[in-house]
Structure formats: structure tokens, C-alpha cells
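Residues per chain are reported as follows:
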Amino acid sequence: MAETDIGAWYSNIPFFTKWWFTLTLLCTLGANFGVLPGNHMLLVWDLVAYKFQFWRMAGCVFFMGRLGFPFLINVYFLYNYSLRLETGVYDGKPADYCFLLIFNWLCLIILGFIIPLRMIGMPLVISVLYVWCQVNHETVVQFWFGTQFKAMYLPWALAGFNVLLGGNGMMELIGIFVGHIFFFLKYKYPIDYGGASFLNTPQILYKYFPNRGGGVSGFGQAPATRAAPAANNGGRHNWGGGGNRLGD
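What counts, and at which threshold
Residues numbered from 1 in each chain as written. Predicted model: local features only at pLDDT ≥ 70, side-chain atom pairs only at ≥ 80, totals over all residues. Heavy atoms only, no water. Salt bridge = Lys/Arg side-chain N within 4 Å of Asp/Glu carboxyl O. Helix = DSSP H or I, 4+ residues; strand = E, 2+ residues; numbered from the N terminus. Buried < 20%, exposed > 50% of the residue type's maximum accessible area, 1.4 Å probe, protein only. pLDDT = per-residue confidence, 0-100. Contact = heavy atoms within 4.5 Å. Phe/Tyr/Trp six-rings, centres within 6.5 Å; stacked < 30°, edge-to-face > 60°. Lys NZ or Arg CZ within 6 Å of the ring centre and 35° of its normal. Axes fitted to C-alpha atoms, helices over the stretch in contact; angles between N-to-C directions. Parallel < 35°, antiparallel > 145°, perpendicular 65-115°, else oblique. Left-handed = near helix turned anticlockwise from the far one by under 90°.

S.K.: Explain the pattern of salt bridges here, please?
M.R.: Summed over all chains, the structure comprises two salt bridges. Lys 150 is the partner of Glu 138 in a salt bridge, and the nearest nitrogen-oxygen pair spans 2.9 Å. Linking Glu 138 in the loop between α7 (121-135) and β1 (140-142) with Lys 150 in strand β2 (residues 148-150), this pair joins segments that are twelve residues apart in sequence. Exposure remark for Lys 150: the relative accessible area of 34% places this residue in the partly exposed category.

S.K.: Sorry, what's going on with the confidence of the model for the protein chain here?
M.R.: Residues at a pLDDT of 70 or more form 85% of the protein chain, whose mean pLDDT is 86. Within the model, pLDDT remains below 50 along residues 215-219, and this stretch shows 16 contacts once partners closer than five positions in the same chain are excluded. Under a pLDDT of 50 for its full length, residues 225-248 has, in the predicted model, 62 contacts with residues more than four places off or in other chains.

S.K.: Is there a simple way to explain the packing of aromatic side chains in this structure?
M.R.: Between two aromatic rings, the relevant description is the distance of the centres plus the angle of the planes. Tallied over the entire structure, the rule returns 22 aromatic pairs. For the pair Trp 9 and Tyr 10, a centre-to-centre distance of 6.2 Å together with 55 degrees between the ring planes defines the contact as tilted. You can call Tyr 10 partly exposed: its relative accessible area is 31%. Arranged with centres 5.9 Å apart and planes meeting at 20 degrees, the rings of Tyr 189 and Phe 198 form a pair that is stacked. Assessed through its relative accessible area of 27%, Tyr 189 is described here as partly exposed. Residue Phe 198 is classed as exposed on the basis of its relative accessible area, which comes to 54%. An aromatic cluster is built from Phe 15, Phe 16, Tyr 90, Tyr 97 and Phe 209, whose rings are joined through pairwise contacts. Above the plane of the ring of Tyr 10 lies Lys 18, whose end atom (NZ or CZ) is 5.2 Å from the centre.

S.K.: Sorry, what's going on with the packing of helix α6 (residues 94-114) against α7 here?
M.R.: Describing two packed helices takes the angle between their axes plus the distance from one axis to the other. Look at α6 against α7: their axes get within 10 Å of each other, and the N-to-C directions meet at 130 degrees. Our classification of the angle between α6 and α7 gives oblique. Where α6 crosses over α7, the handedness of that crossing is right-handed. Counting all contacts with α6, which are made through Tyr 97, Leu 100, Leu 101, Asn 104, Trp 105 and Leu 108, the residues of α7 involved are Pro 123, Leu 124, Ser 127, Val 128 and Val 131.

Structure representation (C-alpha cells):
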């Protein structure tokens, strides 16, 4: 019975979230248990540019380093907020969601070569979370210890919380930066400022991932204007999903 429930749960995860979630678990667990070479999944400019080890540009997304609490939190965010975007504002529009992931990935690859970053999985997750939070900016979310605030502040709260735990919050800030680039160019600049739409999904993606109807509805809708609040089931939402706080 339990196997049937797990199988049903897994089969109902939308396409891109399922593969991102699965490959992250496989690559990170495989590297930590010695099945996969973790050092071959790190983003290194010289090895990509001069040794043509292009697989590193994908491996650095799915390998999230050592196992531990930060890894569990990142996987939680990956599953929850990618799922909410893919079944919310991008419900029935897999090509558009694929383009979001590709654009954010390319931005992080460029930043990864410049800064440099060896792994970009965490900032990619935060960039997706940021887009969800902006689309659902008026939704009330619950954070640690029962604190509540609007979703637009969640990425910044995560960065601050990371600093309190002894980190520098840099990965969160990079993810926020990339997520804001996408949200600004895709929604805010064309809608609020009447500018040109610079981020249009390439037609070739529609060929492989055509739009479909009858998907599972979820949080969020593309903002008609920045002033119009996104759909949010009454304006309140439990951050951990299913009525549970993350810190409980």
C-alpha cells in the first residue's frame, strides 16, 4: 500500500520538477556515497573551456555538495516551489517553464564563471522561489517559529536566516538577483513600464513541449498589473504546505 502511495505521488509530480528533483537526489547522493565522482560535477572554467568538459555545466546544477540539513532544505524548496510554479502560473505551459529554467541556468553559468561558483543548484532553486514569491507577492507565508509575512519578503528572510546560522547569504542573494532579472524582463518591464518583451519563449520549445489544457491548478497567475494581487486562496498560505510550519 505504501509503495502504491509513493508511486502515485511520484507519478503526479509535473515533468520538469520531477526530473530536477530526481537528478538532484541521484547526483548528490551518488557523489556522497562514492558512486559518482562529485569533483567532475563542479563548474570550473578551465576544464569547460579548454578541456571541453561540458557536462559540468549540468552537473553543477544537480550536485549540491555534502549531505546535511542545508541539502534537505534546498531539496524541500526545490520540490515545493518548482511544483507550485509549474502547476500554478505555468500550468499547461511546460515550454514557458522550461524557458524560465534555461534562462536562469544560463545566467548562473555566466555568473559562475565570473565569481566563480562551483555549484549553482542552490541559487537556481532560490531564483525559482523568488519568481513564485513575486507572482504571489501578497500571499501570507509562515516562516520559522510561527512568524508570518508576505511572500515577497521570503527570499530576503532566507538570506538573513542563513547569515544567522553562520553563512554569508551569498548564494541566496545570487539567486534573488537572477530571479529578479527574469521577473523584471518577463513581467514588470513590459507590463508596468510598457516596455518591449525581451523574454519570449523560443518556438522550438513549443515543438517539444506544447501547451496543454486540463492541468492541475495551483498558486499564482501571471500578473496583469503589479497592483493587482495574484490569486492566493484567500490571501493566506502555510509555508510548509499541508498546514505544517517548516520549523515544526
